[in-house]
Amino acid sequence: SQSPEVQINTLRKTLRHYNHEYYVMDTPSVPDAEYDRLMQQLIELEQAHPQFASAQSPSQKVGGAPLSAFTQVTHEVPMLSLDNAFDEASLLAFEKRLRDRLKTPQSFVFSCEPKLDGLAVSLLYENGELVRAATRGDGQVGENITQNVRTIGNIPLRLESAELPQRVEIRGEVFIPRAGFEKLNARQKALGAKVFANPRNAAAGSLRQLDPKITAKRPLMFYAYSLGLVTPEDFSLPATHSERLALVAQWGIPLCPQIDTATGGKGCLEYYERILKARDTLAYDIDGVVFKVDDISLQHQLGFVARAPRWAIAQKFPAQEEMTR
Ligand SMILES: Cc1c[n+]2nc(N)[nH]c2nc1OC(C)C
């Protein structure tokens, strides 16, 4: 029969594929029992042959030993927050300000994204392997939550591509979908444990566990929304934000399905209305939409004011009455 090393590598490849089908494509091709049987086989083989241990093995997603505290991470590229637009007029004013500043009559293509109601997290991949994950913190310094983030089902421990930057930071939102939130609270109630007020609090509480085995049991998910650090700086990337997100998706990183592009303030308003109408049908809580100038060189020309980029704005929905949901 095959050598233990070949068996281990074959099982890892198979389980990575099943993870991608289950968590990213939501189209599992094998029943959970089969997945669990193969995972158990891999764990036993890795325990019997520690010389083949790998931090990137799918078996490592079940969480390691508890930490005594989180260490700090300094973001090489600050993680900024967003300026808010609260009504239609201010969205049109946003575009006018851009035209004035860029001294151009053109209208812009915007990347349009739901603003998920979770926590901003930074993932750092080196040579395609997930080596660090951190919270936003104050934008400059966050908490190192790598062990917890590695247990999130739809976050790959390795990026699948022949041509990757040596270091690439992927930023996005960690959240708990509504269905998972209801199941989690039902389980918490049955255990007499703390019931969470809303999915955002549940996600925050789950990410801040010092014991990754607890985090591993929480239905956390991740959707990417931007790139942070890329090394080498001259690594060739597409010229627009939406094409960069599409590239990241090809590497195996999940994106929010409702991401789209629109032209001009009018196109953005249509997108806003469309997502607002669909809001209650989405599998997860959102608290608005985000519009970003799609062209990266225009983003660089526009830069940032204080803590938020000039080239992006969030448009929040009216606060939703809890009772109606
Ligand atoms: C804070 C934030 C949050 N969100 N959410 C999305 N979808 N995009 C996005 N971008 C952000 O910041 C970038 C504009 C830098």
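Residues numbered from 1 in each chain as written. Predicted model: local features only at pLDDT ≥ 70, side-chain atom pairs only at ≥ 80, totals over all residues. Heavy atoms only, no water.

Enquirer: I'd like a rundown of the overall build of the protein, residues and numbers included.
Expert: The secondary structure content of the protein amounts to ten helices and 13 strands. Scaling as 2.2 N^0.38, a compact globule of 325 residues should have a C-alpha radius of gyration of about 20 Å, and the protein matches this with 21 Å. Evaluated residue by residue, the protein yields a buried proportion of 47% over its 325 residues. Sequence-distant contacts, at least 24 apart, represent 77% of the contacts inside the protein between residues at least 6 apart. When the accessible area of the protein is evaluated, it comes to approximately 16200 Å², of which 53% is carbon and sulfur surface. Positive and negative charge centroids in the protein, built from 37 and 39 side chains respectively, lie 4 Å apart. (Helix = DSSP H or I, 4+ residues; strand = E, 2+ residues; numbered from the N terminus. Rg over C-alpha atoms; globule rule 2.2 N^0.38 Å. Buried < 20%, exposed > 50% of the residue type's maximum accessible area, 1.4 Å probe, protein only. Contact = heavy atoms within 4.5 Å. Areas by Shrake-Rupley, 256 points an atom, 1.4 Å probe, with all protein chains shown as cover. Lys, Arg positive; Asp, Glu negative; His and termini not counted. Charge placed at Lys NZ, Arg CZ, Asp CG, Glu CD.)

Enquirer: Kindly report on the nonpolar core, identifying the contributing residues and their values.
Expert: Within the largest apolar cluster, 32 residues are counted, with the highest numbers of intra-cluster contacts made by Leu123, Tyr125, Val149, Ile170, Leu207 and Phe222. Elements that contribute at least two residues to this core include exactly strand 4 (119-126), strand 5 (129-135), strand 7 (167-175), helix 5 (178-190), helix 6 (199-207) and strand 8 (221-231). Ignoring sequence-local partners within four residues, the contact set of Leu123 consists of Leu130, Arg132, Ala133, Val149, Ile155, Val168, Glu169, Ile170 and Phe222. Counting residues in hydrophobic clusters, the runner-up holds 31 residues, among them Leu91, Phe108, Phe175 and Leu302. (Core = buried A, V, L, I, M, F, W, Y, C linked by side-chain atoms within 4.5 Å.)

Enquirer: Outline the sheet that holds strand 4, supporting the account with residue identities and numerical values.
Expert: Strand order in this open sheet of four strands is 5-4-7-8, and the pairing throughout is antiparallel. Edge positions in the sheet fall to strand 5 and strand 8, since each of these pairs with one other strand and no more. Pairwise comparison of adjacent strand axes, ignoring direction, gives a mean angle of 25° for this sheet. Relative to strand 8, strand 7 is paired through eight bridges, and the arrangement is antiparallel. Its bridge partner lying in strand 8, Gly172 is registered against Ala224. Packing of helix 6 onto the sheet brings it into contact with strand 4 and strand 7, and relative to strand 4 it is tilted by some 40°. The strands touched by helix 8 (residues 241-250) are strand 7 and strand 8; relative to strand 8, the strand with the most contacts, the crossing angle is about 110°. (Pairing = 2+ DSSP bridges. Axes fitted to C-alpha atoms, helices over the stretch in contact; angles between N-to-C directions.)

Enquirer: I'd love a proper account of the packing of aromatic side chains, names of residues and values included.
Expert: The final tally for this structure, using the stated rule, is seven aromatic pairs. Taking 5.5 Å as the distance between ring centres and 70° as the angle between the ring planes, the aromatic pair formed by Phe175 and Tyr284 counts as edge-to-face. You can see Phe175 sitting in strand 7 and its partner Tyr284 sitting in the loop between helix 9 (264-278) and strand 10 (286-293), a full 109 residues away along the chain. Taking 5.2 Å as the distance between ring centres and 45° as the angle between the ring planes, the aromatic pair formed by Tyr272 and Phe317 counts as tilted. Placement of the pair is Tyr272 in helix 9 and Phe317 in the segment after strand 13 (312-316), with a sequence separation of 45 residues. Look at Tyr272 and you get buried, because its relative accessible area is 9%. What makes Phe317 buried here is its relative accessible area of 7%. Put simply, the rings of Phe94, Phe108 and Phe110 pair up and form one aromatic cluster. (Phe/Tyr/Trp six-rings, centres within 6.5 Å; stacked < 30°, edge-to-face > 60°.)

Enquirer: A description of the site of the ligand should follow, citing residues and the corresponding values.
Expert: Taken together, the neighbourhood of the ligand is formed by Leu80, Leu82, Glu113, Pro114, Tyr225, Val290, Lys292, Pro309, Trp311 and Ala312. Within the side chain of Glu113, a nitrogen or oxygen atom sits 3.0 Å from a nitrogen atom of the ligand. Here Pro114 contributes a backbone N or O atom positioned 3.1 Å from a nitrogen atom of the ligand. For the ligand, the protein covers 91% of the area, taking 380 Å² as the surface of the free molecule. (Near = heavy atom within 4 Å. Polar contact = N/O pair within 3.5 Å; in protein donor to acceptor, adjacent residues only side chain to side chain.)

Enquirer: Describe the pairing of strand 3 (residues 109-116), naming the residues involved and giving the relevant values.
Expert: Working note: regular strand, side chains alternate between the two faces of the sheet. Counting buried positions along strand 3 gives seven out of eight residues, so the element sits mostly inside the fold. Sheet topology note: the strand 3/strand 9 (residues 260-263) ladder contains four bridges and is antiparallel. Looking across to strand 9, one finds that Phe110 is bridged to Ala262.

Enquirer: Go over the UniProt feature "active site" (unreviewed entry) in the protein, please, and point to the residues and values.
Expert: The feature "active site" (unreviewed entry), as given by UniProt, occupies Lys115 in the numbering adopted here. With respect to the helices and strands, Lys115 occurs in strand 3. Residues contacting Lys115, with those up to four places away along its chain left out, are Leu82, Ile286, Asp287, Gly288, Val289, Val290, Ala314 and Lys316. (UniProt positions renumbered as here; feature names shortened; annotations may be inferred.)

Enquirer: I'd like a rundown of the sheet that holds strand 10, residues and numbers included.
Expert: Pairing is mixed in the open sheet, where five strands are placed in the order 2-13-10-3-9. Among the strands making up the open sheet, the edge pair consists of strand 2 (84-85) and strand 9. Sheet topology note: the strand 3/strand 10 ladder contains seven bridges and is antiparallel. Within strand 10, the residue paired with Glu113 across the bridge is Val290. Helix-sheet contacts for helix 3 (residues 88-102) involve strand 2, strand 3, strand 10 and strand 13, and the interaxial angle to strand 13 is about 175°. Along the sheet, helix 9 contacts strand 3, strand 9, strand 10 and strand 13; its crossing angle with strand 9, the most-contacted strand, is approximately 140°.

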